[in-house]
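Observations on the three-dimensional arrangement
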Amino acid sequence: AIASLEKIPNKDNMLKMAYQLVAFNRGVELFQQSDYKASNESFQLSMQYPIDAVIFSKAKYWTAEGLFLQKENDKSIKMFKESNLKLHILSGDKK
C-alpha cells in the first residue's frame, strides 16, 4: 500500500493521512516482529506527513523504543523527549 501511495505525485491531505496511517501500522507490525530497523524506517515514513498529531507522536515514541532496543541510547533519549514533549502539548499539559 505504501508503494502505491508513493507513486501518486500530488497527494491531498486525505492521501497524506492515509500514507501516515499505513506507514505507522506497518511500523507497528514490523516492531512486533522484532525488526526494529525496518520498523523505524516505516515510522520515519509515517512522520513525513504529520497530518494526525497523535499518530506522529506515537511514531516518534515507537522509533525511540526501537532505537533503545538497538542500543542507540543517545538517539533514543532524544526521540523519547521529542515524543513526550509533543504528547504534553497535545494533552494541554503546560510542563
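It should be noted that the structure appears before, not after, this text.
Quick caveat, the model's predicted, so the values are computed rather than measured. (Residues numbered from 1 in each chain as written. Predicted model: local features only at pLDDT ≥ 70, side-chain atom pairs only at ≥ 80, totals over all residues. Heavy atoms only, no water.)

Let us now look at the overall build of the chain. Counting secondary structure elements, the chain contains five helices and zero strands. Reading the chain from its N terminus to its C terminus gives the helix and strand order α-α-α-α-α. The 95 residues of the chain split such that 32% are buried. For the chain, contacts bridging at least 24 residues in sequence account for 45% of all contacts bridging at least 6. Counting only carbon and sulfur atoms, one obtains 57% of the accessible surface of the chain, whose full area is about 6100 Å². (Helix = DSSP H or I, 4+ residues; strand = E, 2+ residues; numbered from the N terminus. Buried < 20%, exposed > 50% of the residue type's maximum accessible area, 1.4 Å probe, protein only. Contact = heavy atoms within 4.5 Å. Areas by Shrake-Rupley, 256 points an atom, 1.4 Å probe, with all protein chains shown as cover.)

A few words on the environment of Glu72. Note on placement: Glu72 falls in the loop between α4 (53-69) and α5 (73-91). A distance of 3.2 Å separates the side chain of Glu72 from the side chain of Lys75, its partner in a polar contact. (Polar contact = N/O pair within 3.5 Å; in protein donor to acceptor, adjacent residues only side chain to side chain.)

As a further point, take unusual backbone geometry. A positive phi is found at Ser34, a non-glycine position, where the angle reads about 65°. Looking at the secondary structure, you find Ser34 in the loop between α2 (13-32) and α3 (36-46). Positive phi, normally seen in glycine, also occurs at Lys71, with a value near 65°.

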